[in-house]
Amino acid sequence: MVSIPTVKFAGPSDGHGFTLLGFFMGSVSWLRHISSARVLGLRIDRRRFYSVMPRGEESAAGAEASASAVEASPGMSKKAAQKAAKKAEKELRQAAALAAAAAEEEEIDPLADKYGDTKLEDLQSKAVTGRKWTEISELGTDLEGSTVLVRGRVHSKRAKGKMAFLVLRETIHTVQCVVSMENVGSKQFVKYASLLSKESVVDVTGNVSNPRNPVSGTTQPVEIQVTELHCISKSTNELPLLLEDAARSDQDIEKAAKEGIQYARVLQDTRLNNRVLDLRIPANQAIFTVQSEISSLFHDFLRANKFRQIHTPKLIAGASEGGSAVFKLQYANDQPACLAQSPQLHKQMAICGDFRRVFEIGPVFRAEKSFTHRHLCEFIGLDFEMEIKEHYFEIIDLIGKLFIYVFNELNKNCKKELETINSQYPFEPLQYLDETLVLAFAEGIQMLKEAGFETDPLGDLDTETERRLGLLVKERYKTDFYILHRYPLAVRPFYTMPAVDDPKYSNSFDVFIRGEEIISGAQRVHDKDLLLKRIEECNIDPNAIGLQNYINSFSYGAPPHGGIGVGLERVAMLFCNLDNIRKASLFPRDPNRLAP
């Protein structure tokens, strides 16, 4: 039992004492009480300050010593002093109550080792304990009655009586954890759980149980009855955005608005400025799982088809694609250099080096001031180059098989992720044929013409025209994925092989998803004389820095070859029908953004 001391003050003139309650603890200083008295207009004589004794043991000497400890300030009436003293008494009673609460907090809890903050030294690879953590995604009804250890973030929390409910999140998976007096036998344990800040990382040990009523709002159908709870890393209470706001769909926001409920809408710049938090929402976790899967499938398919992975330089002497959309910089010894716009020239040089079939997954840099929903200044390129035996349709056939394989595997392996994306960014599943549709460029122009859209038959397709053609193809052929080949030569790069039967056209192609181009590809010029002619026709200096080595590669015999380049982010964006490529870029780089 804690003893509450009694403090005796003397009245300002009549000498009659009145009692104030105080509580003498390390966290409650008597100097604070003195300051409070001063604020109230009382003057404290520190040399004659009161004595403190346990209630029931006050001595006459102590009372006498405190008889004149508080004196009225000059000019203060007896009534005013009494009023001030009463106010001081009230404040000291409040301080005593706070101190008593603090004392309860500081009471030694015999279960204290079952909960609390983990010391940093215990997280510095101090020891190997052999403990096994269970993934939240693995928590199912088959584990009922099992004791598990899980790690996750505090997604949400609520307190109810002698219970606290925590929802833990691990990537896109969530589970409810119940901390109750019945299970833990400690009020401090329950209070600790209820005070954890959202997004803190915690370890929870407990027993898996099937709740009587289904848990709403979590991915896992079970609960964890908590027996131990330790915080691994605390999050600040002040978050720049709330994850529940960032994870809400536009449809939910609009529906709530009609019902008179106003939800916060997290805008794109706010998301990207706080990308680390934004990446935690389930939809973003799912998007980048899908993107990772696309990259892996691209790799696996090409490896299975005898392609060799290569890594070409990103610091080069001259522009790899020509034009002004290049990032220039100073290299060693003040040599001019630039960031590679693509691995194009080095892929072809690898073919000249008898690598036969090569592919690369790596960054691509474009200094284009494109402020569109589908352009970035840096993206991940998926490229391949291969020998051709007799026709560039060998490339087109491979592309069709590659992407049908990718689409099928995504639909099979990423069902949960696609559902998660769809819940925030609703989309129709990609529609595609078992055998990829291939149309000639002239056929596409004719389809547009028949639909009332006049287009230059020897010009390129702009974004809006591509979209219109995509809708026409979808209506007629029931597919979102198709290939358009034999483009006009005038709109293709210098290394593109002209068509043998009509030099106005080329052995080139583009690949489309949902009416947007994802791939440019072609048979390349492998003959040096023809290459020099094409360079001249495109008004490119054959002696330009970096180009001479490329040209010379074809002096020693080069097999016919061709290949493609595709943007990883654009494939992910269009497969999930996202409205902006920045949603599919981990840390986007565009003309206005160089951080985080």
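This text goes with the structure placed above it.
Because the structure is a prediction, the values reported are computed rather than measured. (Residues numbered from 1 in each chain as written. Predicted model: local features only at pLDDT ≥ 70, side-chain atom pairs only at ≥ 80, totals over all residues. Heavy atoms only, no water.)

1. Section: the overall build of the chain
Which entries qualify depends on this criterion: A run of DSSP states H or I qualifies as a helix once it reaches four residues; a run of E qualifies as a strand once it reaches two. Both are numbered from the N-terminal end. Note on definitions: a residue-residue contact is assigned when non-hydrogen atoms from the two residues lie within 4.5 Å. Exposure was quantified through the Shrake-Rupley algorithm and a 1.4 Å probe, taking into account, for residues, occlusion by the shown protein chains and nothing else.
Summing up its helical and strand segments, the chain has 18 helices and 22 strands in all. Put simply, of all contacts in the chain between residues at least 6 apart along the chain, 69% involve residues at least 24 apart. For the chain, the computed accessible surface area is about 30900 Å², with 51% contributed by carbon and sulfur atoms.

2. Some points on helix H18 (residues 568-575)
Three or four residues apart is the spacing at which side chains of an α-helix point the same way, because the helix has 3.6 residues per turn. Defined as follows: Think of it in three bands: residues with accessible area under 20% of the maximum for their type are buried, residues over 50% are exposed, and the middle band is partly exposed, with areas taken using a 1.4 Å probe on protein chains only.
With 8 of 8 residues buried, H18 lies mostly within the body of the structure. Burial in H18 covers these residues: Leu568, Glu569, Arg570, Val571, Ala572, Met573, Leu574 and Phe575. Two residues or fewer after H18 comes Asn577, characterised by a positive phi angle close to 55°.

3. A closer look at the pattern of salt bridges
Operational definition: Salt bridge, as used here: a side-chain nitrogen of Lys or Arg that lies within 4 Å of a carboxyl oxygen of Asp or Glu.
For the coordinates displayed, the defined rule picks out 34 salt bridges. Between Asp269 and Arg593 there is a salt bridge whose closest N-O contact spans 3.4 Å. Of this pair, Asp269 sits in helix H8 (residues 268-273) while Arg593 is found in the segment after H18, placing the two residues 324 residues apart along the sequence. Overall, the relative accessible area of 11% leaves Arg593 in the buried class. Taking the shortest distance from any N to any O, the salt bridge between Arg468 and Glu464 comes out at 3.8 Å.

4. A closer look at the sheet that holds strand S15 (residues 336-339)
For sheets, the rule is that strands pair by backbone hydrogen bonds, running either parallel or antiparallel. Using the following cut-off: Here, a strand pair is defined by DSSP locating no fewer than two bridges between the strands.
Pairing in this open sheet of 3 strands is antiparallel, and the strands run S13-S15-S14 from one edge to the other. Each edge of the sheet is formed by a strand with only one pairing partner; in this case those strands are strand S13 (315-316) and strand S14 (328-330). Here S13 runs beside S15; their pairing, made up of 2 bridges, is antiparallel. Following the sheet pairing, Ile316 is matched in S15 by Cys338.

5. Here we look at the side chain of Thr479
Let me state the cut-off plainly: We call two N or O atoms a polar contact when they sit within 3.5 Å, provided that within protein one can donate a hydrogen and the other can accept it, with sequence-adjacent residues counted only if both atoms are side-chain atoms.
Structurally, the position occupied by Thr479 is in the loop between helix H15 (463-477) and strand S19 (481-485). Within the structure, Thr479 has its side chain in polar contact with the backbone oxygen of Phe481 (distance 2.9 Å).

6. Some words on the sheet that holds S19
Applied cut-off: In this analysis an axis means a line fitted to C-alpha atoms, helices contributing only their contacting stretch, and an angle means the value between N-to-C directions, from 0 to 180 degrees.
Read across the open sheet, the 8 strands follow the order S12-S16-S17-S22-S21-S20-S19-S18; overall the sheet is mixed. Looking at strand neighbours, the two that pair on one side only are strand S12 (308-309) and strand S18 (437-440), the edges of this open sheet. By the bridge criterion, 2 bridges tie S12 to strand S16 (residues 357-365) in an arrangement that is parallel. Each bridged residue has a counterpart across the sheet, and for Arg308 the counterpart in S16 is Val358. Most of the contacts of helix H11 (residues 344-352) go to strand S17 (residues 378-387), to which it runs at about 25°, and overall it touches S16, S17 and strand S22 (561-567).

7. What about the nonpolar core?
Heads up, the condition is: Take the buried residues of types Ala, Val, Leu, Ile, Met, Phe, Trp, Tyr and Cys, join any two whose side-chain atoms come within 4.5 Å, and each joined set is a nonpolar core.
Phe384, Ile399, Phe403 and Phe407 are the most contacted members of the largest nonpolar core, which totals 57 residues. Core analysis: the next-biggest nonpolar cluster, separate from the first, contains 26 residues, Tyr115, Ala164, Val222 and Cys231 among them.

8. Side note on the packing of aromatic side chains
Short version of the rule: The criterion for an aromatic pair is that two Phe, Tyr or Trp rings (for Trp, the six-membered ring) have centres within 6.5 Å, with stacked assigned to planes under 30 degrees apart, edge-to-face to planes over 60 apart and tilted to the rest. In this analysis the charged atom, NZ for Lys or CZ for Arg, is taken to sit over a ring once it is within 6 Å of the ring centre and within 35 degrees of the ring normal.
A full pass over the atoms with the stated rule returns 16 aromatic pairs. Between the aromatic rings of Phe307 and Phe384, the centroid separation amounts to 5.4 Å while the plane-to-plane angle is 65°, which identifies the pairing as edge-to-face. Here the residue Phe307 occupies a position in the loop between helix H10 (282-304) and S12, and Phe384 occupies one in strand S17, the gap between them amounting to 77 residues. In this structure Phe307 comes out as buried when scored by relative accessible area, which is 2%. You can call Phe384 buried: its relative accessible area is 0%. Between Phe441 and Tyr487 the ring centres are 4.7 Å apart and the planes differ by 50°, which places this aromatic pair in the tilted class. Of this pair, Phe441 sits in helix H14 (residues 441-450) while Tyr487 sits in the loop between S19 and strand S20 (508-513), placing them 46 residues apart in sequence. On the basis of relative accessible area, Tyr487 is assigned to the buried category, the value being 1%. Taken together through their ring pairs, the aromatic side chains of Phe403, Phe407, Tyr432, Phe481 and Phe575 make up a single cluster. Above the plane of the ring of Tyr263 lies Arg248, whose end atom (NZ or CZ) is 3.8 Å from the centre. Sitting over the face of the ring of Tyr487, Arg492 holds its NZ or CZ atom 4.6 Å from the ring centroid.

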